[in-house]
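A structural walkthrough
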Amino acid sequence: MAAETIEVFVPGQGAGEDTQHDPTTGKPWTRETAEAAVRWARLHGIDAEMSVADTAD
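Predicted model only: the values in this text are computed from it and were never measured.

Of the regular secondary structure elements, the protein holds one helix and two strands. When the elements of the protein are put in sequence order from the N terminus, they spell out β-α-β. Summarising its shape, the C-alpha atoms of the protein cover approximately 35 × 25 × 20 Å along the three principal directions. Taken across its 57 residues, the protein has 16% of its residues classed as buried. Within the protein, counting contacts between residues at least 6 apart in sequence, those at least 24 apart form 56% of the total. For the protein, the exposed surface amounts to about 4200 Å²; the carbon and sulfur share of it is 55%. The averaged location of the 11 negative side-chain charges in the protein is 7 Å from the averaged location of its 4 positive side-chain charges.

So, in structure tokens, the structure goes:
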């Protein structure tokens, strides 16, 4: 089974900034938490995006 790498991007994010972990928990993004974070950001006028890529186990 392939694993997923999930990243969340926001405008103004610095190069090399961690995009694969939730900054509030330090845990890797799950599809659900990333989608919720992007919805929250967009609701507040922030043009956030998420990316999901399949990775080998």
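The next thing to look at is the pattern of salt bridges. By the definition in use, this model includes one salt bridge. The residue Glu-4 makes a salt bridge to Arg-31 at a minimum N-O spacing of 2.5 Å. Taken together, the residues Glu-4 in strand E1 (residues 3–9) and Arg-31 in helix H1 (residues 31–43) connect sequence positions 27 residues apart. Relative accessible area serves as the criterion here: at 33%, Arg-31 is assigned to the partly exposed category.

A few words on the layout of surface pockets. Of the pockets and cavities examined, the largest pocket occupies roughly 280 Å³. Along the walls of the largest pocket sit 16 residues, with Val-8, Val-10, Pro-23, Trp-29 and Ala-37 positioned nearest its centre. Among the elements that take part in the lining of the largest pocket, H1 stands out by supplying four residues, more than any other. Partitioned by chemical class, the residues of the lining of the largest pocket number ten nonpolar, three polar and three charged.

What follows covers a nonpolar patch on the surface. On the surface, Val-10, Trp-40 and Ile-46 cluster together into a nonpolar patch covering about 270 Å² of accessible area. Within the secondary structure, Trp-40 is located in helix H1.

What follows concerns the confidence of the model for the protein. With 95% of its residues at a pLDDT of 70 or more, the protein shows a mean pLDDT of 89. Within the protein, H1 carries the highest mean pLDDT (94), whereas strand E2 (residues 49–55) carries the lowest (90).

What counts as what
- Residues numbered from 1 in each chain as written.
- Predicted model: local features only at pLDDT ≥ 70, side-chain atom pairs only at ≥ 80, totals over all residues.
- Heavy atoms only, no water.
- Helix = DSSP H or I, 4+ residues; strand = E, 2+ residues; numbered from the N terminus.
- Buried < 20%, exposed > 50% of the residue type's maximum accessible area, 1.4 Å probe, protein only.
- Contact = heavy atoms within 4.5 Å.
- Areas by Shrake-Rupley, 256 points an atom, 1.4 Å probe, with all protein chains shown as cover.
- Lys, Arg positive; Asp, Glu negative; His and termini not counted.
- Charge placed at Lys NZ, Arg CZ, Asp CG, Glu CD.
- Salt bridge = Lys/Arg side-chain N within 4 Å of Asp/Glu carboxyl O.
- 1 Å grid on protein atoms, 1.4 Å probe; cavity = no way out; pocket = protein on both sides within 12 Å on 5 of 7 lines; lining within 4 Å.
- Points joined across faces, edges and corners; volume = space filled by probe spheres on them.
- Nonpolar A, V, L, I, M, F, W, Y, C, P; charged D, E, K, R; others polar.
- Patch = residues over 30% accessible without salt bridge, like charges linked within 9 Å, V, L, I, M, F, W, Y side chains within 5 Å.
- pLDDT = per-residue confidence, 0-100.

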